[in-house]
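Now for the letters of each chain:
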Amino acid sequence: MQKKKPVKKPLFLTLNVREKVAFARHVSVMLNAGIPLHETLEVLNDQIASPSLQYVLGVALADLADGLPLHNSIAKFPKLFDTFFTNALAVGESSGTLSSTMEYLATQLEKSEELHGKVRSALIYPLIVFFGAVGIAIYLAFFLLPKILPLFLSLNVKLPATTRALLASSTWLSTRWPWAMLAILLTILGAWLLLRIAKIRYAMSTFFLYLPIFGTLIKNIQMAKFSRILGTLLSSGVTIVAALQITAESTDHPVYKRALEKIARSMEGGETVSSVLHIHPKLFSRTAVSMIGIGERTGKLSESLLSLAQFTEREIDVTTQNLSILIEPITLLLVGLLVGFVALSIITPIYEITQGIHA
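From a predicted model like this one, the values you see are computed outputs, not experimental measurements. Counting of residues starts from 1 at the beginning of each chain's written sequence and follows it residue by residue. Totals for whole chains, interfaces and linings use all residues, but because this is a predicted model, local features are given only for residues with pLDDT of at least 70 and pairs of side-chain atoms are given and counted only at 80 or more. Side-chain measures were taken over the full set of non-hydrogen atoms in the model, leaving aside hydrogen atoms and water.

**Considering the overall build of the protein**
- Going along the chain from the N terminus, every DSSP run of H or I of four or more residues is numbered as a helix, and every run of E of two or more is numbered as a strand. For the protein, the helix and strand inventory stands at 14 helices and zero strands.
- Each helix (α) and strand (β) of the protein, taken in turn from the N terminus, gives the series α-α-α-α-α-α-α-α-α-α-α-α-α-α.
- Every radius of gyration here is taken over C-alpha atoms, with the globule rule written as 2.2 Å times N^0.38, N being the number of residues. In terms of overall dimensions, the protein is more spread out than a globule: its C-alpha atoms have a radius of gyration of 28 Å, far above the 21 Å expected for 359 residues.
- The principal-axis extent of the C-alpha atoms belonging to the protein is close to 95 × 50 × 35 Å.

Here it is in structure tokens:
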């Protein structure tokens, strides 16, 4: 195997989910066809368009020429490939099942992205409507109202309370907008810094779990991720304790992360997964615990976990649909109140002026 010189490192190393899915799936297909790993990576390196992935493959080919495994090269890029990906790859290489492991990884990445897409889709329409309404309100309050204000003042019309309140806000912001922008930026920065504190982030994550609808959605999302990642790892040949540890490391939710770390430690003492999950009824539903328990008793835990992931993803579909149905009228109501308040503040004085003229 001839050692290839790695390509020049890009200024920014970035890989989107589609690129990682394509990489994993192409490696799986080519290995399954009997093509050696180094030749597979060389073919991909010549065909792909992503500079970041070309650089990763260049490093991997150089490492393979030195006798190092693929997962060793992938582990050098923790911002591109998470712990779950790297560990599953290591197990696939050591057990000789790299082809099937890469297929599992591609499927997991696709399902995870599909899950995030469903949540984004449920929120994008209300956000567009809300920000559109805010834009209209800002135009009316800060551009239209100041132009017609001299007319109101010249006619000595008593302005309604809503108009005076809007005028006061408009005047204050137009003269002190740098301070207002600074206050907003400082608030955002302060919130970001506070959320970097582990205890505060944990407390906020716990609070959101108890919110109606949103709490259920968060729990289902975390349950789907947990069951699919753990099921994928077990299908790849990872031991249950190691799989739970990797799943905990791959989880971004502080509450679930801490719970899974405790569960992994309990498993080292010989406990079953279902018996340990039963201790956390607010995080893992009775349905989930029952399905996992059946999988353990029948020796088909990985299959049960993947089935649980599919079941939970269907629940997420229903929840996101309900969320859209609930959010849309609330958003429209808020938009109506906001735009109505601004419009009323402008139209009411005009109406009083016309009434005075006719009188």
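**Notes on the side chain of Asn220**
- Along the chain, Asn220 falls in helix α9 (residues 214-235).
- In what follows, residue pairs with any heavy atoms lying within 4.5 Å of each other are defined as contacts. In contact with Asn220, not counting residues within four places along its chain, are Thr312, Glu315, Ile316 and Thr319.

**Remarks on the pattern of salt bridges**
- Here, a salt bridge means any Lys or Arg side-chain nitrogen found within 4 Å of an Asp or Glu carboxyl oxygen. By the definition in use, this model includes five salt bridges.
- Glu103 is the salt-bridge partner of Arg25, the closest N and O atoms lying 3.0 Å from each other. Of this pair, Arg25 sits in helix α1 (residues 17-32) while Glu103 sits in helix α6 (residues 98-154), and the two are 78 residues apart along the sequence.
- The class for Glu103 is partly exposed, based on a relative accessible area of 29%.
- Lys225 serves as the salt-bridge partner of Asp252, at 3.9 Å between the closest nitrogen and oxygen. Here the residue Asp252 occupies a position in the loop between α10 (240-250) and α11 (254-267), and Lys225 occupies one in helix α9, the gap between them amounting to 27 residues.
- Connected via shared salt-bridge partners are Arg25, Glu103 and Glu110. Partly exposed describes any residue whose relative accessible area lies between the buried limit of under 20% and the exposed limit of over 50%, with all areas from a 1.4 Å probe on protein chains only and scaled to the type maximum.

**Quick word on the environment of Asn16**
- Here Asn16 lies in the segment before α1.
- On the basis of relative accessible area, Asn16 is assigned to the partly exposed category, the value being 41%.
- Here a polar contact is recorded for every N or O atom pair within 3.5 Å, except that within protein the pair must consist of a potential hydrogen donor and a potential acceptor, and residues adjacent in sequence are included only if both atoms are side-chain atoms. Within the structure, Asn16 has its side chain in polar contact with the backbone nitrogen of Arg18 (distance 3.2 Å).
- There is a polar contact of 2.8 Å between the side chain of Asn16 and the backbone nitrogen of Glu19.

Honestly, it's all geometry; don't read function into it.
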